[in-house]
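Given next are the chains, with one letter for each unit.
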Amino acid sequence: MKTEGLFVNITYVRNAVAKGAVCLDGSPPAYHLDRGSGTGINSWLIQLEGGGWCNNVTNCVSRMHTRLGSSKKMVENLAFSAILSNKKQYNPDFYNWNRVKVRYCDGSSFTGDVQAVNPATNLHFRGARVWLAVMQELLAKGMINAENAVLSGCSAGGLASLMHCDSFRALLPMGTKVKCLSDAGFFLNTRDVSGVQYIKSYFEDVVTLHGSAKNLPRSCTSRLTPAMCFFPQYVARQIRTPLFILNAAYDSWQIKNILAPRAADPYGKWQSCQLDIKNCHPSQIKVMQDFRLEFLSAVIGLGRSSSRGMFIDSCYTHCQTETQTSWFWQDSPILNRTTIAKAVGDWVYDRTLFQKIDCPYPCNPTCHHRVFTPLDAPPI
C-alpha cells in the first residue's frame, strides 16, 4: 500500500534544557508539527508517541542510547499518516488541523520528575517537565487560540493522554473544546498466567524510579497507591474532560507483556500463540477469552457516561490510530458498520456518541490481526 508520504521536520525545544525538561540522556525534548489550514486553522491534534517504559537503571541506561531516551537519536523527518495524515481521503476529520507528534524520550509516560542526577549514569527522570515544556511551546505557537484541541496517543502515549487529559484541559482557555483519545493505553491490572501480579510490580518500579507520584491524577492518588494510578481502570472514572477509549480486547502487547510475559512462560509455551493468534491452542484462547472478560469488566466498571466514547474491537492488535489500514481504509476494521476514524470523528464533532464493544474472537471478519516475527518488540 502506497500513500503519498508526508514527512514532517523535527523541532527541538532547546529552551527546555535550562528548566531541566530533558530526555533520559539530558538532550532537549522534541516534536513534529504540521500546520493546519482552512477550517482547521484553529484546531489542534496532539499525538503522544508510545514506546513502553523503563523500570530500572539498567534498562533506562540502555534506553538512553535510543530514540526513546535521546533526541540525538531521533529521525529528523517523521512520516505522518493515518490520524496525522494531511489528506482528506485518508483522514477525513483531522487532515487540515494543526497536527503534532510529541516524541517520547523519558520512559515514564511523561510523568517523571526527579531533581537529582546520578553522575555515574547521567540519567534524567524528567517526563512531567518535558510534557509541560512541549505544551508551553505549542501554546506559544498558536495552540492558545485553539477552538478545538484533542490530546491523543497510542500505547504508553495512550496512557499519557489519559493521565494528562484534565491537565491538558487546564492549560487551554475556557472556550476551547477539549477532548482526549487513548489508543491502546488501557493497560489492565491483572495477574499473569503464572498467577503473579507482574504488571503491577512493574508499574510500581516505574513510578518509584521516575518519582511519578506527584504528577499522577490527584483524584486517584488521594485514594490509591501511586502505582495503582498508572492503571486507567482506577483513573478514567474521575477524568472530567471527554475521553474516548480505543482498544483491542485482545491487545497484542498486553497478551505478550501482561498476560504471558517471559517470566511467567519459562518454557515458551505462549511464544507461537503470541506471534500469531491463529497458532493459539484452544486452552490459550480460553485464557485470552477470560482476559477479554476482565478487560471489559474494567472498562464497563468505569460507569455510564454521556461523553465517553468507546471502540473495543476483538482484533489481535495494538495501536490502531497510527496505521492507515486500521484507521481508515477500504477494508479497515469496523464495529457497527463504522470505521475507527468515523467513530472518533463523530465523537469529536458531537455528531454521534460511539460506544460499542465487539463480540468475542473470532467473530469479526474485518479485523487485521497482527502477525509478528520472533524479533519484533522485545518484552518489557
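Before any of the text, the structure's been laid out above.
All figures in this text were calculated on a predicted structure; none of them were measured in a lab. All residue numbers refer to positions counted from 1 along the written sequence of the respective chain. In keeping with the predicted nature of the model, local features appear solely for residues at pLDDT of at least 70, side-chain atom pairs appear and are counted solely at 80 or more, and the whole-chain, interface and lining totals rest on all residues. No hydrogens and no water enter the side-chain calculation; it runs on all heavy atoms of the structure.

Re the pattern of salt bridges
Thought 1: Salt bridge criterion: a side-chain nitrogen from Lys or Arg within 4 Å of a carboxyl oxygen from Asp or Glu. Scanning all chains against the criterion turns up 13 salt bridges.
Thought 2: Between K141 and E137 there is a salt bridge; the shortest N-O distance is 3.7 Å.
Thought 3: Here's how the labels work: a residue is buried when its accessible area is under 20% of the maximum for its type, exposed when over 50%, partly exposed in between, all with a 1.4 Å probe on protein chains only. Judged by its relative accessible area of 31%, K141 is partly exposed.
Thought 4: You can call E137 buried: its relative accessible area is 18%.
Thought 5: Between K177 and D350 there is a salt bridge; the shortest N-O distance is 2.9 Å. Placement of the pair is K177 in strand β7 (residues 177-183) and D350 in the loop between α12 (340-348) and β12 (355-357), with a sequence separation of 173 residues.
Thought 6: Through salt bridges with shared partners, a single network forms among D93, K342, D346 and R351. Only runs of H or I of at least four residues qualify as helices and only runs of E of at least two qualify as strands under DSSP, and these elements are numbered from the N terminus.

Some details on helix α2 (residues 127-140)
Thought 1: By this rule the span expected of a helix is its residue count minus one, scaled by 1.5 Å. The end-to-end C-alpha distance of α2 is 20 Å, a good match for the 20 Å that 14 residues give at a rise of 1.5 Å each.
Thought 2: A large share of α2 lies buried, amounting to eleven of its 14 residues.
Thought 3: Close packing links the buried residues of α2 with β1 (6-12), β2 (30-34), β3 (43-48), β5 (98-102), β6 (148-153) and α4 (165-171).
Thought 4: Phi turns positive, to about 125 degrees, at G142, one or two residues after α2. Contacts between residues were defined by any pair of non-hydrogen atoms, one from each residue, lying within 4.5 Å.

With respect to the sheet that holds β2
Thought 1: Two strands pair if DSSP finds at least two bridges between them. Read from one edge to the other, the open sheet built from ten strands follows the order β4-β1-β2-β5-β3-β6-β7-β8-β9-β12, with strand pairing classed as mixed. The open sheet is flanked by β4 (77-80) and β12, the only strands paired with a single partner. Neighbouring strand axes in the sheet, compared pairwise and without regard to direction, differ in orientation by 20 degrees on average.
Thought 2: Bridging between β2 and β5 involves four bridges; their strand directions are antiparallel. Within β5, the position partnered with L33 by the bridge is V100. Axis lines are fitted through C-alpha atoms, for helices just across the contact stretch, and the angle between N-to-C directions can take any value from 0 to 180 degrees.

Digging into the environment of P226
Thought 1: One can find P226 in the loop between α6 (218-221) and α7 (232-235).
Thought 2: Along the sequence, P226 and G40 sit 186 residues apart, while their C-alpha atoms lie 38 Å from each other.
Thought 3: Look past the residues within four positions of P226 in its chain and what remains in contact with it is V207, A213, L216 and T221.

Observations regarding the packing of aromatic side chains
Thought 1: Centre distance within 6.5 Å is the pairing criterion for rings of Phe, Tyr and Trp, where only the six-membered ring of Trp is used; planes under 30 degrees apart are then read as stacked, over 60 as edge-to-face, and the remainder as tilted. For the coordinates displayed, the defined rule picks out 23 aromatic pairs.
Thought 2: Between F186 and F295, the aromatic rings sit 5.6 Å apart at their centres with planes inclined by 75 degrees, giving edge-to-face as the arrangement. Of this pair, F186 sits in the loop between β7 and α5 (198-210) while F295 sits in helix α10 (residues 282-300), placing them 109 residues apart in sequence.
Thought 3: Since its relative accessible area comes to 1%, F186 is described here as buried.

Side note on the pairing of β5
Thought 1: Burial of β5 is extensive: five of the five residues sit out of reach of the surface.
Thought 2: Side chains N98, V100 and V102 project from β5 onto one buried face, and the interleaved R99 and K101 project onto a second face that is buried too.

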